[in-house]
Amino acid sequence: MKLAIVEIKLLAREPGALFSLLIPMFILVVFGSSIEPGDTVLLPMALAIAVGLVALYMLPTTLATYRERGILRRMSTTPVRPGNLLAVQLLLQLVLALLACGLLLAVAGTLLGARLPASAAPAVLTFVLGTAGMFAIGLLIAALAPNGRSANGIGVMLYFPMAYLAGLIQPIDQMPDIVARIGEYTPLGAFGGSLREVWAGQAPGPLPLGVMAAYALVISIAAAKSFRWE
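Residues numbered from 1 in each chain as written. Predicted model: local features only at pLDDT ≥ 70, side-chain atom pairs only at ≥ 80, totals over all residues. Heavy atoms only, no water.

- For the protein chain, an unreviewed UniProt entry supplies the name Transport permease protein and the organism Nonomuraea typhae.

Below is the structure:
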């Protein structure tokens, strides 16, 4: 509990945490004022952006910085094992992603009159699998990056191509067919596509759900095997 309190204070002071909250909200508010209340694209897009920023920017940068500074190595000599710190960080980053998405849903539902899913179960399943897949990539970056700055750079380099392929930068219907098809097999593309289906009142297809689950499982194993404490 003491470790969690300390990490919460550190996270609250981190400018990147505020960035992860404000950027999706800015996109939602700026573009939400000019769309129809029944739109099924903008809010799912903002939710996917929020999760992607936390997973590929905040999570790997924080963990790689801890290893770079020797914090994990020093903690291995104390009763609080470094694994506890990793668990707390994962939980806090998940809470940050949930907070960002909760704020988006609240603003979209109250101020913008945006359409919300009719059924919660498909939305929850999609969110869990999509977040797991994106967090797995963040953990792999943290495992391989030599320092926090490298982790930040790798995360940014991965985020923007994935965001483009997912249709978060350019609408999918304006992409070449082959590019849009490739985007369906990326974790962020499968996540965003499933969210759009849920918001349209449809059940997410088995293909994107399988893609997200596969990324979560395979990449999590790779991250665990390659993670270094120092």
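Next, the rest of the story.
1. A look at the overall build of the protein chain
Phase 1 of the analysis: Scanning the protein chain for helices and strands turns up ten helices and zero strands.
Phase 2 of the analysis: Computed over C-alpha atoms, the radius of gyration of the protein chain comes to 18 Å, within 12% of the 17 Å expected from 2.2 N^0.38 for 230 residues, which places it in the range of a compact globule.
Phase 3 of the analysis: For the protein chain, the spread of C-alpha atoms along the principal axes amounts to about 55 × 35 × 30 Å.
Phase 4 of the analysis: Across the 230 residues in the protein chain, those meeting the buried criterion constitute 46%.
Phase 5 of the analysis: Counting every atom, the protein chain has about 11,400 Å² of accessible surface; 70% of that belongs to carbon and sulfur.
Phase 6 of the analysis: Looking at the protein chain, you have 14 positive and 10 negative side-chain charges, and the mean spots of the two groups are 18 Å apart. (Helix = DSSP H or I, 4+ residues; strand = E, 2+ residues; numbered from the N terminus. Rg over C-alpha atoms; globule rule 2.2 N^0.38 Å. Buried < 20%, exposed > 50% of the residue type's maximum accessible area, 1.4 Å probe, protein only. Areas by Shrake-Rupley, 256 points an atom, 1.4 Å probe, with all protein chains shown as cover. Lys, Arg positive; Asp, Glu negative; His and termini not counted. Charge placed at Lys NZ, Arg CZ, Asp CG, Glu CD.)

2. Here we look at the environment of Leu-105
Phase 1 of the analysis: The topology assignment puts Leu-105 in helix H5 (residues 82-110).
Phase 2 of the analysis: Spatially, the C-alpha atoms of Leu-105 and Leu-43 are 7.7 Å apart, while their sequence positions differ by 62 residues.
Phase 3 of the analysis: With residues up to four places along the chain from it excluded, the contact list for Leu-105 reads Leu-43, Leu-47, Leu-116 and Trp-199. (Contact = heavy atoms within 4.5 Å.)

3. A few points about helix H2 (residues 15-32)
Phase 1 of the analysis: For H2, spanning 18 residues, the distance from its first C-alpha to its last is 25 Å, which sits close to the expected 26 Å at 1.5 Å a residue.
Phase 2 of the analysis: Listed in full, the buried residues belonging to H2 are Gly-16, Ala-17, Ser-20, Leu-21, Pro-24, Met-25, Ile-27, Leu-28 and Gly-32. (Expected span 1.5 Å × (residues − 1).)

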